[in-house]
Amino acid sequence: MRVSFIFLSVLFLSVQARTEAPSTSSQEPYAVSTFECVGLYYPQRDLGDCNVFYRPKGDAAPWRRGLDLAYDPRDEEYRGSLVGLRPDMRYEIKLVTQDAEVRLEAQTRSDVFPEGKVTHLAPGVISQTLKITESGTPEAWHLMTPREGAKTTIDVVNSADYNLVIDADYVIVRGLELKNAAIHAIMIAKGRHHIVIEGCRATFWGRIGGPRSYGNREGSTDSAVYAENGTSHLVIQRNLFEHPRGAANDWMTGHPAGPQAISIHESRGGNVIRYNDIWSTEAHGFNDGIGGARNYSFAGNVFRDSDVYGNVIRNCWDDAIEVEGANMNVRVWGNYMDRFYNGVATACTSKGPLYVFRNVFAISRMGHGEPIGGAAIKTGERDEFGGGRKYVFHNTTLQPLGVLDAFTDHPNPNCIAWNNIFDCAGGRLATTRQSLPESDYDYTLFTGRDRGTAKGRHIVRGRPNYVESAYLEFYPAAGTTKIQWGKHRIAADDGEIEITDPVVDTPNPVMDAGIIIPGFNDDYTGAAPDLGAFEQMGPPLRFGRRAYQNYDEGWAPWEISFPEKKRP
């Protein structure tokens, strides 16, 4: 029997956190950090529940509770994440089981990168591929950027495969405009690490693409940013990736194949993809917005200890975000997805835990002439690849023209899906294929017709309603409406009248209908957390490359006019 907070013995260990996974086996817990999250690993036999507490180091405030670590009996290891942290801050952490208390510290990564050598590119248009081969150091990164007050465009007019090749480490690429690459706008060479791509624009890259079922073998996954096998610690932030040359086919002609914005292949982890604008037209849509390989593996595209957040992703004929493979302490949150087939693809999550929370899913469709949508979350497993823990919290799917199903009908074991708004177009909540460990879909609003294998006494029915906003905001409104079926007598000026199936006002069913999830919704207002991505009276979510910036911040050289100075 598992009993939290009852100790058979108490052991206090102070363990220094690591910034990367250890190369040898150890029984000591360790932490791997990104800017705003910390992944925790505790190699240990099954000791029951493993509670997590944390606070900034030196802070006299009470300990905050985090979500319990998930135990993976295959690896004999507890794993889990702390989210919503501040960059470049040291945290104290307690891991508490029925046998012991273990302490460690973790430092979140700084998102300010120390600059060393600066390579200023000449203003104007460069018509050949640039290759970066000179690495920086952890204390002095190599920065490539236009000269101050100037704009640099690399336009290879389809005569070279790439605009830019990065074959070095500790490199920053900032503020470049990249056009007309024959294959990839930016190619990151095998095994390279600690690379920042920020404030860039890539457009009209790649080959034509199209359905492989019709014999097309070129152009699939031609990308604005393409990372070869074994890269790590990639930061791709505040970029605009738009309008590839080619186009992915839709599902009416087979599995989509075509361009992508970001492709990462079998990374070693530590990646952050945040605050990017990714879009095109439907005629030149992406395969996946963010994707890579391999899906059914113990590696995958982002692999481990990686974050994908704050992005706007549109016009994808397959997945808006693909995070498939191991997914050890991978977090996907605060993204806005529109015009996709499946929103977040998670097959197979062979290790876990994966966290998908506070995302917004808008229009979903299968084809140009087929408006029926796909699912918010794609799942699946194959052979030994599967079974890792997945958490799906506080997501919102929108209607009309939104997803048909909340989850695809692939196997989906070991998933906890709470506090979501799954407004589905008559479809299914959970898979119909039962697999172990069983999943939990409770504390969720579901408007479709078929629960599948989902069980729960707190699955909410009703029509969600949102406060009108000029932004991509979906705060729950206080009330909504419903049809009151049957004949009803209501008061009128001249007495009572009888109405059939009237529309009546009713409280919004998503308000205060959630469950408290430590570390994910502690700042809720009201009697209980609201369902969905937005908490009434809570802080807003902002999406895209200008998120959380002032009006005069974040402008890139390629979008600013630099008039020549007048001669004296």
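Reading the values: rules and limits
- Residues numbered from 1 in each chain as written.
- Predicted model: local features only at pLDDT ≥ 70, side-chain atom pairs only at ≥ 80, totals over all residues.
- Heavy atoms only, no water.
- Pairing = 2+ DSSP bridges.
- Helix = DSSP H or I, 4+ residues; strand = E, 2+ residues; numbered from the N terminus.
- Axes fitted to C-alpha atoms, helices over the stretch in contact; angles between N-to-C directions.
- Phe/Tyr/Trp six-rings, centres within 6.5 Å; stacked < 30°, edge-to-face > 60°.
- Buried < 20%, exposed > 50% of the residue type's maximum accessible area, 1.4 Å probe, protein only.
- Polar contact = N/O pair within 3.5 Å; in protein donor to acceptor, adjacent residues only side chain to side chain.
- Contact = heavy atoms within 4.5 Å.
- Patch = residues over 30% accessible without salt bridge, like charges linked within 9 Å, V, L, I, M, F, W, Y side chains within 5 Å.
- Areas by Shrake-Rupley, 256 points an atom, 1.4 Å probe, with all protein chains shown as cover.
- Salt bridge = Lys/Arg side-chain N within 4 Å of Asp/Glu carboxyl O.

(A) Spotlight on the sheet that holds strand S34 (residues 354-357). One open sheet accounts for eleven strands, arranged S10-S13-S16-S19-S22-S25-S28-S31-S34-S37-S40; its pairing is parallel. Each edge of the sheet is formed by a strand with only one pairing partner; in this case those strands are strand S10 (115-121) and strand S40 (415-418). For this sheet, the mean angle separating the axes of adjacent strands, direction not counted, is 10 degrees.

(B) A look at the sheet that holds strand S29 (residues 312-314). Spatially, twelve strands are ordered S11-S14-S17-S20-S23-S26-S29-S32-S35-S38-S41-S42 in an open sheet, and the strand pairing comes out parallel. Of all the strands in the sheet, just strand S11 (124-126) and strand S42 (445-446) have a single pairing partner and so form its edges. Both strand S17 (residues 177-179) and strand S20 (residues 201-203) contribute to a ladder of three bridges, which runs parallel. Counted as the bridge partner of Lys-179 is Thr-203 from S20.

(C) Expanded view of the packing of aromatic side chains. All chains considered together, the criterion is met by 26 aromatic pairs. Relative to Trp-141, the ring of Phe-113 has its centre 5.0 Å away and its plane inclined at 50 degrees; by these criteria the two rings are tilted. Of this pair, Phe-113 sits in the loop between strand S9 (101-107) and S10 while Trp-141 is found in strand S13 (residues 141-146), placing the two residues 28 residues apart along the sequence. As far as the burial class goes, Phe-113 and Trp-141 line up, both buried. Seen in terms of ring centroids, Tyr-275 and Tyr-548 are 5.9 Å apart; in terms of plane orientation they differ by 70 degrees. Their pairing is edge-to-face. With Tyr-275 in the loop between strand S25 (272-274) and strand S26 (277-279) and Tyr-548 in the segment after strand S46 (503-507), the pair connects residues that are 273 residues apart, well separated along the chain.

(D) The arrangement of the pairing of strand S14 (residues 152-155) in detail. Burial along S14 is two-sided: Thr-152 and Ile-154 and Thr-153 and Asp-155, pointing in opposite directions, are all buried. Of the strand pairs in this sheet, S11 and S14 are connected by three bridges, and their pairing is parallel. Looking across to S14, one finds that Val-125 is bridged to Thr-153. Bridging between S14 and S17 involves three bridges; their strand directions are parallel. The partner of Ile-154 across the bridge, within S17, is Leu-178.

(E) Region of the structure containing the side chain of Asp-338. You can see Asp-338 is positioned in strand S32 (residues 336-338). Taking the relative accessible area as the measure of exposure, Asp-338 reaches 5% and is therefore buried. At 3.3 Å, the side chain of Asp-338 and the side chain of Arg-314 are in polar contact. Beyond its immediate chain neighbours, meaning those up to four positions away, Asp-338 contacts Ile-313, Arg-314, Asn-315, Ala-362 and Ile-363.

(F) Expanded view of a nonpolar patch on the surface. A cluster of nonpolar side chains, namely Ile-483, Trp-485 and Val-503, defines an oily patch on the protein surface of about 360 Å² accessible area. With respect to the helices and strands, Val-503 occurs in strand S46.

(G) Main features of the pattern of salt bridges. Inspection of the entire model under this criterion finds 36 salt bridges. Glu-134 is the salt-bridge partner of Lys-117, the closest N and O atoms lying 2.7 Å from each other. Linking Lys-117 in strand S10 with Glu-134 in the loop between strand S12 (130-132) and S13, this pair joins segments that are 17 residues apart in sequence. You can call Lys-117 partly exposed: its relative accessible area is 45%. A single salt-bridge network, built from bridges that share partners, covers Asp-72, Arg-74, Asp-75, Glu-77, Arg-79 and Lys-351.

(H) Representation of unusual backbone geometry. In this chain, Ala-347 is followed by Cys-348 through a cis amide linkage whose omega measures 10 degrees. Its place among the elements puts Cys-348 in the loop between strand S33 (342-345) and S34. At the junction of Gln-399 and Pro-400, the peptide bond is cis and its omega measures out at 10 degrees in the coordinates. Note that Pro-400 resides in the loop between strand S38 (396-397) and strand S39 (405-407). Residue Asn-180 is not a glycine yet carries a positive backbone phi of 60 degrees. Residue placement: Asn-180 occurs in the loop between S17 and strand S18 (184-188).

That is the geometry; function is a separate question.
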